[in-house]
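Read off the chains here:
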Amino acid sequence: MSTDPFPATAPDGAPPPLAMRGVGKRYGSVTALDDVSLHIAEGEVVGLLGHNGAGKTTLMSLVAGLLRPDAGEIEVLGVSTAREPRRARLRLGLAPQELGVYPPLTVRQNLRFFAELAGLRRREADRRIEEAAEPLGLAGLLERRVGRLSGGEQRRVHTAMALLHRPRLLLLDEPTAGVDVETRARLLAHVRELAAAGTAVCYSTHYLGEVEDLHASVAVLDHGRLVARGTIADLVREHGDGAVELTFSGAPPPLRVPWPVTRAGETLRVHAREPHLAAPEVLAALGDALTRLVNLRVLRPSLETVFLALTGQRPQAPGEPGAPAALGETAAADATGVPGATGAAGATEPPAGRTVEAGRHG
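Residues numbered from 1 in each chain as written. Predicted model: local features only at pLDDT ≥ 70, side-chain atom pairs only at ≥ 80, totals over all residues. Heavy atoms only, no water.

**Q** Could you clarify how one ought to interpret helix 10 (residues 303-311) in this entry?
**A** Given 3.6 residues to a turn, an α-helix orients residues that are three or four positions apart in the same direction. For helix 10, the buried fraction is high: seven of the nine residues fall into the buried class. Those residues of helix 10 lying buried are Leu303, Thr305, Val306, Phe307, Leu308, Leu310 and Thr311. Once helix 10 ends, the next one or two residues include Gly312, with phi positive near 80 degrees. (Buried < 20%, exposed > 50% of the residue type's maximum accessible area, 1.4 Å probe, protein only. Helix = DSSP H or I, 4+ residues; strand = E, 2+ residues; numbered from the N terminus.)

Printed below as a string of structure tokens:
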């Protein structure tokens, strides 16, 4: 699927916060993105879903100007990221997977550094710091060194950096990976607030429940291609058949039932529109293999079953053993890029000479 069914312009004719058309990117012989077209409207949250290596981080790095596409074009509020990269960067904020904080500095010093990269003067920078800190629960931590904060608090600082210049487009790449419950709740609540105020948000995650909590529309990437785009309700209606999922110790047995059966490793999925009614017959069909059954799940039509239908795999939880490796290339961003992708040409080096990286692509 190379086209995005969502409108390319707002009702008033204004360009959307993000417009990608036919974008492709390769790393040697590996295709990271293949003919991807994606539009995000003002005030829209798009849940960007896909397994590790599907192309999510590559997509965000291209939009932020950390990478150049091999094909296609990208515009941020009508500004080409190829022809006017600085203008485009000033309109977006990026919080990549890898933390871009400076542990020896205080929270305030970290935020001021990135505010200055965005071109904010001292008084305005201080005002924006207070503005970004409050909803993320950082107001009482501004004078503490970042290295002494918890992992969740550091993640909030990392996200706040991308918000200082009030971007019209916000790119969040797995912002809640490995964080505590409080941080997750604060981040989700603030994303909802930003969207309500008109900010467009591209939100990459492995947690499908977060997409539902954000009332987000969905874009699914699989092996670099955009395979689905729409609202959760529309995608569930189109792709979300139910299933009885059976996991065995060892190879699954042959199974004769009146429904389609697919296999993934030691797991069988029996695809049925009403899986809760099919489950008793499926169990009866196992015979002696029932003793090797170690897990059974009844999957009602949902975003998870949509993901299963489109990618052939269940969602991969962050940090779960066996997750596919990323593409293994790292795009280093200088002080003009991350987080927030807001800097100016000729900006000074980051404090203590630290290099900020965009993280692994994919």
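**Q** Explain empty space enclosed by the protein here, please?
**A** Rolled over the atoms, a probe with the dimensions of a water molecule shows which regions are left empty. Under the definition given, this model contains one cavity of 30 Å³ or more. Here the largest cavity defines a volume of roughly 30 Å³. As for the largest cavity, its lining consists of Leu136, Thr159, Leu163, Leu170, Leu172, Leu187, His190, Val191 and Leu194. When contributions to the lining of the largest cavity are tallied by element, the ones reaching two or more residues are strand 7 (169-173) and helix 6 (181-196). Looking at which element gives the most residues to the lining of the largest cavity, the answer is helix 6, with four residues. A per-class count over the lining of the largest cavity returns seven nonpolar, two polar and no charged. (1 Å grid on protein atoms, 1.4 Å probe; cavity = no way out; pocket = protein on both sides within 12 Å on 5 of 7 lines; lining within 4 Å. Points joined across faces, edges and corners; volume = space filled by probe spheres on them. Nonpolar A, V, L, I, M, F, W, Y, C, P; charged D, E, K, R; others polar.)

**Q** When you look at the nonpolar core in this model, what are you seeing that I'm missing?
**A** For soluble globular proteins, nonpolar side chains are generally found buried alongside one another. Core analysis: the biggest nonpolar cluster contains 52 residues, and Val45, Leu49, Val107, Leu111, Val157, Tyr203 and Val218 have the highest contact counts within it. By residue number, the principal contributor to this core is helix 3 (residues 107-117), which donates six residues. When sequence neighbours within four positions are dropped, the list of residues in contact with Val157 reads Val101, Val107, Asn110, Leu111, Leu138 and Leu149. Formed by 33 residues, the second largest nonpolar core is a distinct cluster that contains Leu18, Leu62, Val79 and Leu169. (Core = buried A, V, L, I, M, F, W, Y, C linked by side-chain atoms within 4.5 Å. Contact = heavy atoms within 4.5 Å.)

**Q** Explanation requested: the pattern of salt bridges in the structure shown.
**A** For side chains bearing opposite charge, pairing can occur when the charged atoms are close. For the coordinates displayed, the defined rule picks out 21 salt bridges. In this structure, the salt-bridge partner of Arg184 is Glu210, at a minimum N-O distance of 2.8 Å. You can see Arg184 sitting in helix 6 and its partner Glu210 sitting in helix 7 (residues 208-213), a full 26 residues away along the chain. As far as burial versus exposure is concerned, Arg184 and Glu210 are alike and both buried. Where Glu245 meets Arg269, a salt bridge forms, and the shortest distance between an N and an O atom there is 2.9 Å. Residue Glu245 is located in strand 11 (residues 243-248), and its partner Arg269 is located in strand 13 (residues 267-271); the two are separated by 24 residues in the primary sequence. (Salt bridge = Lys/Arg side-chain N within 4 Å of Asp/Glu carboxyl O.)

**Q** How do you make sense of a nonpolar patch on the surface when you look at a structure like this?
**A** Together, Leu283, Leu290, Leu296 and Val298 line one region of the surface with nonpolar side chains, adding up to about 270 Å² of accessible area. Overall, Leu296 belongs to the partly exposed group, its relative accessible area being 32%. (Patch = residues over 30% accessible without salt bridge, like charges linked within 9 Å, V, L, I, M, F, W, Y side chains within 5 Å. Areas by Shrake-Rupley, 256 points an atom, 1.4 Å probe, with all protein chains shown as cover.)

**Q** Is there a simple way to think about unusual backbone geometry in this case?
**A** With the exception of glycine, most residues fall at negative phi, and the peptide bonds are largely trans. Phi angles above zero are rare outside glycine, and His215 is one such case at about 55 degrees. We note that His223 has phi near 50 degrees; this positive angle belongs to a residue other than glycine.

**Q** Would you mind going over the pairing of strand 8 (residues 200-204) with me for this structure?
**A** Remember that side chains alternate between the two faces of the sheet whenever the strand is regular. Among the five residues of strand 8, five are classified as buried, and the element is accordingly described as predominantly covered. Neither face of strand 8 is exposed, since Ala200, Cys202 and Ser204 on one face and Val201 and Tyr203 on the opposite face are all buried. Across five bridges, the pairing between strand 7 and strand 8 is parallel. The residue bridging Asp173 from the neighbouring strand is Ser204, located in strand 8. After leaving strand 7, the chain enters helix 6 and then returns to the sheet as strand 8, a path that is right-handed. (Pairing = 2+ DSSP bridges. Right-handed = clockwise from strand over helix to strand, strands pointing away.)

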